[in-house]
Protein chains: 4
Amino acid sequence: VVIDAIFGSGLTRQPEGLPADAIRAINDSDSLVISVDVPSGLPGEDCCGFDRSVIIRADYTLAIEFPRLSFFFAENHIHTGRWSVVPIGLHQAAIEGTDTPYLFSGINSVAPMLRRRTTFEHKGDFGHALLVAGSQGKIGAAILAGKAVLRSGAGLLTCHIPGMGAQAMHAALPEAMVSCERSDRVVSEIPDPSGFKAVGIGPGLGTEQATLLALENFLKKNRQRVVIDADAINLISANRKLLDKLPDSAVLTPHPGEFARLAGESSNGFERLRKQVAFSQKHNCVIVLKGAYTSVSTPEGKVFFNSTGNPGMATAGSGDVLTGVILGLLAQGYSPENAAVSGVFLHGLAGDIAADKNCMESMIASDITDNLHAAYTKIHEQLL
Amino acid sequence: VVIDAIFGSGLTRQPEGLPADAIRAINDSDSLVISVDVPSGLPGEDCCGFDRSVIIRADYTLAIEFPRLSFFFAENHIHTGRWSVVPIGLHQAAIEGTDTPYLFSGINSVAPMLRRRTTFEHKGDFGHALLVAGSQGKIGAAILAGKAVLRSGAGLLTCHIPGMGAQAMHAALPEAMVSCERSDRVVSEIPDPSGFKAVGIGPGLGTEQATLLALENFLKKNRQRVVIDADAINLISANRKLLDKLPDSAVLTPHPGEFARLAGESSNGFERLRKQVAFSQKHNCVIVLKGAYTSVSTPEGKVFFNSTGNPGMATAGSGDVLTGVILGLLAQGYSPENAAVSGVFLHGLAGDIAADKNCMESMIASDITDNLHAAYTKIHEQLL
Amino acid sequence: VVIDAIFGSGLTRQPEGLPADAIRAINDSDSLVISVDVPSGLPGEDCCGFDRSVIIRADYTLAIEFPRLSFFFAENHIHTGRWSVVPIGLHQAAIEGTDTPYLFSGINSVAPMLRRRTTFEHKGDFGHALLVAGSQGKIGAAILAGKAVLRSGAGLLTCHIPGMGAQAMHAALPEAMVSCERSDRVVSEIPDPSGFKAVGIGPGLGTEQATLLALENFLKKNRQRVVIDADAINLISANRKLLDKLPDSAVLTPHPGEFARLAGESSNGFERLRKQVAFSQKHNCVIVLKGAYTSVSTPEGKVFFNSTGNPGMATAGSGDVLTGVILGLLAQGYSPENAAVSGVFLHGLAGDIAADKNCMESMIASDITDNLHAAYTKIHEQLL
Amino acid sequence: VVIDAIFGSGLTRQPEGLPADAIRAINDSDSLVISVDVPSGLPGEDCCGFDRSVIIRADYTLAIEFPRLSFFFAENHIHTGRWSVVPIGLHQAAIEGTDTPYLFSGINSVAPMLRRRTTFEHKGDFGHALLVAGSQGKIGAAILAGKAVLRSGAGLLTCHIPGMGAQAMHAALPEAMVSCERSDRVVSEIPDPSGFKAVGIGPGLGTEQATLLALENFLKKNRQRVVIDADAINLISANRKLLDKLPDSAVLTPHPGEFARLAGESSNGFERLRKQVAFSQKHNCVIVLKGAYTSVSTPEGKVFFNSTGNPGMATAGSGDVLTGVILGLLAQGYSPENAAVSGVFLHGLAGDIAADKNCMESMIASDITDNLHAAYTKIHEQLL
């Protein structure tokens, strides 16, 4: 076992000479390597242009008090290995006084965001959500997202889906109302959003011309909170003038491929993060960039990295469930920022609980939804 | 902590002078306030015209032996906060001797209403229920209500629904028989009720003209027990002559919005309660006014406030499940009053058990049905 | 408490004088009455013409070593109350030496009937069952029966149902193959039975002319084991020449109403039992007369009364599940007698387990199927 | 009890004289017979032409260190009875040094084959599987296989099925995308495989001409890993030139009947094994011959006998689930050999866990899929 504590963080250039040789020697050895605070040679933020051979490749990293930004990028995983945070009792005020746009959202920061229910509240108080989803062969995405809307607490749900999917939706989720499309294959019109508290668009939607027109018409008249996912993002990427029609603080939930279509390719995680922040600020929207440590960027330039989730969630429909959770929270009156941050956290925590009960290989997206209740319960218990 | 025991109940006018100043001072303070018996200044019944600033705003109220009527109205929740009943050993005969039309239904009063099954009883002895429900996009309501009919104990169930919904119903609830509408979209005829023990009408029904005609024809010839919900109530509200066609002790289950369409707007809970009692008496029906402390009024002028339920039940389809439970009890031969009172209690208790297992945010209507068995079991255990 | 041990069994005429007065006095009292062996005055078999006022009305009866035949008839329930058997150590050989056609099937007699599986057996060894069921609006009956076929151990299942029901069947029971009817509404042809090990006909079938013709054609060419239920029984009752086409030891599973159509009305349980035995002998079939203490009669004149089951099973679809269980056992090669006796026992035991987990009111037919595994396990444990 | 240790293994001809008489005497007795290492007189491999009367018929066999090849053949089950392996501490190197193509796959050999998930892996890293399955009345096979694909860990799944089955698939497995056939009844075209990581073909497919043409066209252009089952095997058997179009190391999963159509009839297990090995070598494919001790043969001539599974898995759809598991593993990048060996092991282990929870009679194929997570967990625990 090698304990690596050669350098702390804050490097602006790479080590040379003896320290560089030491790093290379450690990397060439077969030892188990544990880095303390930061793998030696790894910058705290931007690693662009760094020679990877002179950055420690740890098996584990024990970050002191909080992780570095660079830990959240896939390309640095070979340096950090698995990492965890070790609190050492730094003065809380000192931590909070540190002025950083980067936040690591944990159970303590999410718990106060959750809305509590009171005795006389009724169905209408928890909001009527509209979900626009599905196309021929992709009705399942609407079912997955819809169930997550209701299991995250919305009061009512209307699913606007192609007509052919209504019976499957009724059988699988009788709690949902269905607004039947005139088209049997794709969404070609979107109901007037004014009667709804929030709208989710995208899961399984497809990118046909008719759907694009429906999306355009919808965005022109819509004034409600929205969460936009999957093919709805792809339609916007291919028709960029739609970006100007988004309501304030629209929540977009791209995976890295969809994000690249939206904001351009990035050569590494740090560059992608900068593009994400710039996009959120320029277009006044919340971007939920999905992946390990999902990052949520806000119009004000803040970024929340998520602490929950596991690679068992890299499974078909997992993103549809996340869209449903965020829509369910928006319908209940959460701010877009809070809906995104706490929705991502809940989704990941439910996935972690599902992985404990099942196992990562066997998890499917429905398992995440089925454990949302346990995730809520765990967060509520934190507040006791 | 302030313990508020300034005034008991029975006020007919508001306090003035020093006591009023004390109440205002307590309300302006940040203290945790616990009222004993009644928040000072809160009348026991009608609060109309009272200045709210001279009524204590308690965090908790400990009602002595029984709650006051005013505790059941939403507008007084800011005064009572969460409340519970503290028994202090008042002589039972004294309580029962009190002549009041207002009853608070708990497990002890509901348990004796339940029908017990005996060895040689068969399917026919538990009644054949007819459920008339659903329209295009709202077949789920029929599935939810139907499952609750069978899970509350009816012997047989026929669901009359638009044709398009039959396959979803079969897949989701194979125990139900389906009577297929000639129309694929809406209910436009209702089967002859004479072969059934009880009929439930309304969940997801829609308010089209064809459905109105079907309802009219049905009410003209029907002699069976009925429970009427949702759009069937709305159709009656818009066609008030139908009120005269209701069978004796028809059970109507409006939420406050539907009740306002039926009996007029109310400016507060006390006024609404008086309208509810008057309506029950005038039209010889049982009104189940849904909400926190759901009130069941009878043609004789009695009102039962329900003690079970929680705001997690403010979710899509929860009312459909209640309609199903009441229909299931009517089919088993319960009187309309008992079906309504014990149905509301069972539904709320099942919801409380579901909230314990899941959590309020994640509950969906199916969870209530899935816990009816646990609610029954809890009540049966009370009798041991 | 009155302990009634005035008379033992074996009465051929009713008591008179003092004993009769004593019986009347006990019946008029409010005492809890416990009869030992037999309620005084109750004949062991035929009660026809007896004055019921001079037969004890017990709350409980403790039968010594075995119950009397009369205990199994509904009209005597007011005399026996709840009863149970008290073994007192009579010599086993003496019991077995008693020559009676009446048997009370319990776990000890059923356990040896069950087939055990061995290492190299494959799907074909457990039989391919054909289920002919369903009509418009009654596809659920096919789903319920089909699931029970597979859960009771058949190797393969083909469901011949009207075309409209295929998707519901696939969604609810993907393990079943569907043979689609040319008619969308009713069964109008039945596949060649020669490729199947056993055939079940009846659940939800309807009684249309086309179905009658299909049944006729089927019975003409069929040589396989069959179980016949519900509307297939009704069709046979209305077309009695079909009785001659039944294969040897066909199993028929009527409820009392269907049995009356088949074999005529009976004024009491004893008369119905005699008709059941006569019918089995005359038509060379096994009759499963459903109810409390379901009786299975054989062509040889034996009758097996069942010891499992509860009134929670008096629910829609419970009979469809029983048909499925018996079909599943026939497919596995059980003799018709054993399939009927052990199928009825398994079905009742699964229902008892379901009632323990749920409660009688909330049980639905699917719960019985879902607990077949627990019933099998309980019987297997008996053999350890 | 007779302990049989007359002969060890390695016999090349049958015993005569006194030993033969002893064997016959033991076989004629009623004693419980336990053979040590090998039932006396049973050859280790080929039993062809042996007189079965001079081979011990044991109730149990305790194999020393490893089982003989002959134990895996159904015709020898009457000789071995139930058998298990008793490790006696033979030097591991000696065992591994033994040069045999026959391997007995257990948890220790399978555990290292499993792929572990790492933090930054996403949906695409676990592969997009294409399942081609179903025909009119056999859509359920596609649902069963599809669920197993996702529950064994594939990242994405597209099911190409006849159009009529889409709604059942969506309701039962919303995580799957559906590629709708132009034909409503059968598969008549197969999507371009180039966008997928692996392809599974066969469950419920039928053998119509249109499907044959689709299969031919597919095999001509396909370069991806495939698993071929059921009717796809039957189509290849009837059109043998298709064998030349199979990609390298295609996995075929016949049951004995399908294997006979593919490679000819065999008169016993040993002959069938030799045909299996020869077929794998000649056609460069992996053959999974399903049954007790499922054997997996590879193009290199190795054979893996499986140690998990039970006769409760001899139930409709069990093979569809296996196809799904192997497809799921291929999509995740497992080699065909590892996908077949570990897929068969996982499937059997999940079945064993399901049989423990349910019981062999009541198990249905879905129960296997529902316990894949427990099988994975058990294997992972082995590595701790």
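Check the entry above for the structure.
Residues numbered from 1 in each chain as written. Chains lettered and ligands numbered in written order. Predicted model: local features only at pLDDT ≥ 70, side-chain atom pairs only at ≥ 80, totals over all residues. Heavy atoms only, no water.

Draft legend 1. Geometry of helix 9 (residues 256-263) of chain C. All names here are of chain C. Those residues of helix 9 that fall on the buried side of the exposure criterion are E258, F259, A260 and L262. The inward-facing, buried residues of helix 9 contact helix 8 (230-238), strand 11 (250-252), helix 10 (269-283) and strand 12 (285-289). Directly after helix 9, the chain includes G264, whose backbone phi takes a positive value near 100°. (Buried < 20%, exposed > 50% of the residue type's maximum accessible area, 1.4 Å probe, protein only. Helix = DSSP H or I, 4+ residues; strand = E, 2+ residues; numbered from the N terminus. Contact = heavy atoms within 4.5 Å.)

Draft legend 2. Quick peek at the relation of the copies chain A and chain B. Take chain A, turn it by 90°, move it 0.0 Å along the axis, and it overlays chain B with an RMSD of 0.0 Å. Look at the turn and shift together and you get a four-fold axis relating the two. By residue overlap, the copies meet through two different surfaces: only 3% of the interface positions of chain A are interface positions in chain B. (Least-squares fit on C-alpha atoms with pLDDT ≥ 70 in both.)

Draft legend 3. The arrangement of the pattern of salt bridges in detail. Overall, the coordinates contain 44 salt bridges over all chains when judged by the stated rule. Note that K275 of chain A and E271 of chain A form a salt bridge whose closest N and O atoms lie 3.4 Å from each other. With K275 of chain A and E271 of chain A both in helix 10 (residues 269-283) and 4 residues apart, this pair spans about one turn of that helix. For D229 of chain D, the salt bridge is made with K290 of chain D, and the minimal N-O distance between the two is 3.3 Å. With a gap of 61 residues between them, D229 of chain D in the loop between strand 10 (225-228) and helix 8 (230-238) and K290 of chain D in the loop between strand 12 (285-289) and strand 13 (295-297) connect regions that are remote in the sequence. Residue classification places D229 of chain D among the buried positions, given a relative accessible area of 2%. On the basis of relative accessibility, which here comes to 16%, the residue K290 of chain D falls in the buried class. Each of D21, R24 and D51 of chain A takes part in salt bridges that share partners, so that together they form one network. (Salt bridge = Lys/Arg side-chain N within 4 Å of Asp/Glu carboxyl O.)

Draft legend 4. Looking closely at the sheet that holds strand 11 (residues 250-252) of chain A. Residues and elements named next belong to chain A. Reading across the sheet, the 10 strands line up as 5-14-13-12-11-10-9-6-7-8 and stay open at both edges, with mixed pairing between neighbours. With partners counted over all chains shown, the strands left at the sheet margins are strand 5 (102-105) and strand 8 (177-180), one partner each. Averaged over all pairs of adjacent strands, the angle between their axes in this sheet comes to 20°, without regard to strand direction. Both strand 10 (residues 225-228) and strand 11 contribute to a ladder of 2 bridges, which runs parallel. Within the sheet, the bridge partner assigned to V227 lies in strand 11 and is V251. Docked against the sheet, helix 12 (residues 336-357) engages strand 5, strand 10, strand 11, strand 12 (285-289), strand 13 (295-297) and strand 14 (303-306), running at close to 10° with respect to strand 12. (Pairing = 2+ DSSP bridges. Axes fitted to C-alpha atoms, helices over the stretch in contact; angles between N-to-C directions.)

Draft legend 5. Region of interest: the environment of V186 of chain D. Turning to its location among the elements, V186 of chain D is positioned in the loop between strand 8 (177-180) and strand 9 (198-201). The class for V186 of chain D is buried, based on a relative accessible area of 6%.

Draft legend 6. View of the interface of chain D and chain C. On the side of chain C, 30 residues touch chain D, which itself brings 36 residues to the contact. For the pair chain D and chain C, the summed buried surface comes to about 2700 Å²; carbon and sulfur atoms form 61% of the total. Where chain D packs against chain C, one counts 1 salt bridge. With a shortest N-O distance of 2.6 Å, D367 of chain D and R151 of chain C are connected by a salt bridge. In this assembly, chain D and chain C are joined by 11 residue pairs in polar contact (both at pLDDT 80 or more). Where the side of chain D that touches chain C is concerned, the elements lending two or more residues are helix 5 (139-151), helix 6 (166-172) and helix 13 (365-370) of chain D. Of all the elements, helix 5 of chain D adds the most residues to the side of chain D that touches chain C, at 5 residues. Residues of the side of chain D that touches chain C, tallied by class, amount to 22 nonpolar, 10 polar and 4 charged. (Buried area = accessible area lost by both parts, 1.4 Å probe. Polar contact = N/O pair within 3.5 Å; in protein donor to acceptor, adjacent residues only side chain to side chain. Nonpolar A, V, L, I, M, F, W, Y, C, P; charged D, E, K, R; others polar.)

Draft legend 7. Molecular detail of the side chain of N358 of chain D. Among the structural elements, N358 of chain D can be located in the loop between helix 12 (336-357) and helix 13. If sequence neighbours within four positions are ignored, N358 of chain D has contacts with R151, H373 and T377 of chain C together with M363 and D367 of chain D.

Draft legend 8. Molecular detail of the interface of chain A and chain B. Counting residues at the interface gives 30 residues for chain A, matched by 36 residues for chain B. Carbon and sulfur atoms supply 61% of the area buried between chain A and chain B, which totals about 2700 Å² over both sides. On the chain A side of the interface with chain B, the three residues burying the most area are F120, R151 and E175 of chain A, jointly 27% of the side's total. Linking chain A with chain B are 1 salt bridge, by the criterion used here. For the side of chain A that touches chain B, the elements supplying multiple residues, two or more each, are helix 5 (139-151), helix 6 (166-172), strand 8 and helix 14 (372-383) of chain A. Of all the elements, helix 14 of chain A adds the most residues to the side of chain A that touches chain B, at 5 residues. Within the side of chain A that touches chain B, the residues separate by chemical class into 13 nonpolar, 11 polar and 6 charged.

Draft legend 9. Structural view of the packing of helix 5 (residues 139-151) of chain C against helix 11 (residues 318-331) of chain C. Residue and element names in this part refer to chain C. Following both chains from N to C, one finds helix 5 and helix 11 inclined at 35°, their axes separated by 7 Å at the closest point. Taken as a pair, helix 5 and helix 11 cross one another with a handedness that is right-handed. Along the contact surface, helix 5 presents A141, L144, A145, A148 and V149, while helix 11 presents D320, V321, G324, V325, L327 and G328. Residue composition of the contact of helix 5 with helix 11, grouped by class: 8 nonpolar, 2 polar and 1 charged. (Left-handed = near helix turned anticlockwise from the far one by under 90°.)

Draft legend 10. How the structure looks around the nonpolar core. Residues and elements named next belong to chain A. The biggest cluster of nonpolar side chains holds 67 residues, and the ones touching the most others in it are L157, M169, V288, V296, I326 and I379. Element by element, the count of residues in this core is highest for helix 12, at 11 residues. Ignoring anything within four residues of it in the chain, the contact list for I326 reads V227, V251, T253, V288, A339, A340 and G343. (Core = buried A, V, L, I, M, F, W, Y, C linked by side-chain atoms within 4.5 Å.)

Draft legend 11. Expanded view of the sheet that holds strand 4 (residues 82-86) of chain A. Residues and elements named next belong to chain A. In spatial order, the strands read 1-2-3-4; together these 4 strands make up an open sheet with parallel pairing. The open sheet is flanked by strand 1 (2-4) and strand 4, the only strands paired with a single partner. The sheet shows a mean angle of 20° between the axes of neighbouring strands, direction not considered. Inspection of the sheet shows strand 2 (residues 33-36) paired to strand 3 (residues 60-64) by 3 bridges, in the parallel sense. Pairing of I34 across the sheet is with Y60, part of strand 3.

Draft legend 12. Up close: the relation of the copies chain D and chain C. For the match of chain D to chain C, the screw axis carries a shift of 0.1 Å, the RMSD comes to 0.1 Å, and the turn is 90°. Of the residues that chain D buries at the interface, just 3% are likewise interface residues in chain C, meaning the two copies contact each other through different surfaces.

Draft legend 13. The arrangement of the arrangement of the chains in detail. One thing to see here is that chain A and chain C don't touch, and their nearest C-alpha atoms sit 9 Å from each other. As for chain D relative to chain B, no contact occurs, and the smallest C-alpha gap between them is 9 Å.

Draft legend 14. Inspection of the environment of A292 of chain B at higher detail. Residue placement: A292 of chain B occurs in the loop between strand 12 (285-289) and strand 13 (295-297). Put simply, A292 of chain B and K357 of chain B are 65 residues apart on the chain and 20 Å apart in space, counted from C-alpha to C-alpha. The contact partners of A292 of chain B, leaving out residues within four places of it in the chain, are T119 and F120 of chain A.

Draft legend 15. Seen up close, the packing of aromatic side chains. Inspection of every chain in the model, using the stated rule, returns 40 aromatic pairs over all chains. With a centroid separation of 5.2 Å and an interplanar angle of 25°, the aromatic rings of W83 of chain A and Y293 of chain A are classed as stacked. Of this pair, W83 of chain A sits in strand 4 while Y293 of chain A sits in the loop between strand 12 and strand 13, placing them 210 residues apart in sequence. Grouping residues by exposure puts W83 of chain A and Y293 of chain A together as buried. An aromatic cluster is defined as three or more aromatic residues linked by ring pairs; in this entry it consists of F71, F72, W83, Y102, F104, Y293 and F305 of chain A together with F120 of chain D. Here R117 of chain B stacks its cationic end above the ring of F126 of chain B, 3.6 Å away from the centre of that ring. (Phe/Tyr/Trp six-rings, centres within 6.5 Å; stacked < 30°, edge-to-face > 60°. Lys NZ or Arg CZ within 6 Å of the ring centre and 35° of its normal.)

Draft legend 16. Looking closely at the side chain of T369 of chain D. Residue and element names in this part refer to chain D. Structurally, T369 is set in helix 13. Judged by its relative accessible area of 2%, T369 is buried. Setting aside residues up to four positions removed in sequence, T369 forms contacts with L144, K147, A148, R151 and V321.

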